[in-house]
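So you can see what is in the structure, the chains are spelled out below.
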Protein chains: 2
Amino acid sequence: MMPDHTIPPSNIASSAARTVFFVSDGTGITAETFGHSVLTQFELRFRQIRLPFIDSIDKAHDAARKINEAYTNDGKRPIVFSTLVKHDLSSIIRQSNGMHMDLIKTFVDPLEQELGVKSTHTIGRSHNVVDSEEYKNRIEAINFSLAHDDGQSHKSLSTADVILVGVSRSGKTPTSLYLAMQYGLKTANYPLIPEDFERGKLPSALPLFKSKIFGLSITAERLSEIRNERMPGSKYASIANCRYEVNEAELMMRREGIRWLSSTAKSIEEIATTILQEIKS
Amino acid sequence: MMPDHTIPPSNIASSAARTVFFVSDGTGITAETFGHSVLTQFELRFRQIRLPFIDSIDKAHDAARKINEAYTNDGKRPIVFSTLVKHDLSSIIRQSNGMHMDLIKTFVDPLEQELGVKSTHTIGRSHNVVDSEEYKNRIEAINFSLAHDDGQSHKSLSTADVILVGVSRSGKTPTSLYLAMQYGLKTANYPLIPEDFERGKLPSALPLFKSKIFGLSITAERLSEIRNERMPGSKYASIANCRYEVNEAELMMRREGIRWLSSTAKSIEEIATTILQEIKS
């Protein structure tokens, strides 16, 4: 049931997988995000172990023991990505038999020099995070985006940061949720449907807010593929219908002067980041 | 309209904000996630600039120019977090007047030594990402979690990875979406409501799936605060009612042997990571 978090290699160069640890005094998301982007540079299979919330001496010793065990079992040093802020904890980890990628020691210490101030060396940010304005904005943005998913509501559109439009299954919903969750942007989304094309007009709530509308388009071939997974053999999923809808949607966006991008070969992260760039410019 | 991405400092130590750049050949999310966790160690205000999709020599020169401009304007070297995989691009950036935190050069090069293989030095992962099984699982998990938000559907619960329960506004929805988006876990969520407490039973679809149920609880005080933001002065938000619901929900979870945790002082990232740990153990 758990998805496999092993990075899928296109070429497996070695049989025995190297063990990788992500050690953190918080969630470990930073260590893991960073570790993944480094590890994808290697076409190898890695066995990945997350060790979050390592926030005491005991837990640090426990983590060090796990690293040493992996070394014994694999016969090779595990790779250890760590973001332990407290020196006493990170030094316990560094004494274990791993190849240590200590993100804090590598970057925070030189930054203290550069900035001419000491770092706070506080563990995580958990105390402040949930009380911060930024966090509250994110939660509010998630609620807004959910309530405004798939054209469900026209309420408070004036407070939206972004309004996405596009044919059904062009990627609007995941992009909306991602913009809300990652960047705290209130993102509504509206499907462009055959009725809109027949009327030759945007959904009625939208023309007022054209400056924050972004379109998502997609190739008819890819759209048909995605729709066929949902409703195999339907007219909705047919390549002829997909061609019609995509073509009409692009015509409408062009006519209305709506900025749009193709979601065909883009991940939701890439679509979201591209929109973010557009908003700023 | 755009949320302010400046990290809110509890003490502002200096008047002029130092400029920080996040430079990437992809979305820049890794550089930014990492940069944030380093910068929160300093109680300073930073002006943050994202430069994603720097994937050509021209764009690299453009980015270097922006870094140099910030240096001229600020009179201080900007801090530059970069994840440029290609050496020719990263060397252009490194020649600019910044303090360079080159995440790839710092970690990928030593890893090549350790692993005994060359890194692929491919730009981003965009070609494979959207076609990968992992990515498809994430999108499917997001759709599942949306369809199963707030007890909307009992369909295919057997394919859920996680089922969250808790009183209204205890954090179930954002946690579900985060588990889906970040970890590809199909996460359903069900509210525990006064009717359930009167019946003294879990919502009827759930008893079959107890092994994947996790409860979220919250202090009555915090819950009342959150509910009052939505429905000020309502019975629903009153401290008496919140006390009743939280108490009943905890009694029920205890009686049914459901693992639960308090969401009171936890961010959605922390709740999600804690649940992930629990699933594994």
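Residues numbered from 1 in each chain as written. Chains lettered and ligands numbered in written order. Predicted model: local features only at pLDDT ≥ 70, side-chain atom pairs only at ≥ 80, totals over all residues. Heavy atoms only, no water.

Section: the interface of chain B and chain A
Every contact between the two is made by 86 residues of chain B and, on the other side, 86 residues of chain A. Around 7,900 Å² of area is buried between chain B and chain A when both sides are counted, 68% of it from carbon and sulfur atoms. Among the residues of chain B in contact with chain A, Gln41(B), Phe42(B) and Phe107(B) are the three that bury the most area, contributing 9% of the side total. If you look at where chain B meets chain A, you find six salt bridges. Among the salt bridges present, the one from Arg18(A) reaches Glu114(B), with a minimum N-O distance of 3.0 Å. At the junction of chain B and chain A, the tally comes to eight residue pairs in polar contact (both at pLDDT 80 or more). (Contact = heavy atoms within 4.5 Å. Buried area = accessible area lost by both parts, 1.4 Å probe. Salt bridge = Lys/Arg side-chain N within 4 Å of Asp/Glu carboxyl O. Polar contact = N/O pair within 3.5 Å; in protein donor to acceptor, adjacent residues only side chain to side chain.)

Examining the UniProt feature "binding site: ADP" (unreviewed entry) in chain A
All names here are of chain A. Look at the UniProt record and you will see "binding site: ADP" (unreviewed entry) annotated at Gly166, Val167, Ser168, Arg169, Ser170, Gly171, Lys172 and Thr173. By the secondary structure assignment, Arg169 is in the loop between β5 (162-166) and α7 (172-183). Overall, Arg169 belongs to the partly exposed group, its relative accessible area being 28%. One can find Ser170 in the loop between β5 and α7. The exposure class assigned to Ser170 is buried, which follows from its relative accessible area of 2%. Beyond its immediate chain neighbours, meaning those up to four positions away, Ser170 contacts Leu216, Ile218 and Ser263. For Ser170, the side chain forms a polar contact with the main-chain oxygen of Val167, separated by 2.7 Å. (UniProt positions renumbered as here; feature names shortened; annotations may be inferred. Helix = DSSP H or I, 4+ residues; strand = E, 2+ residues; numbered from the N terminus. Buried < 20%, exposed > 50% of the residue type's maximum accessible area, 1.4 Å probe, protein only.)

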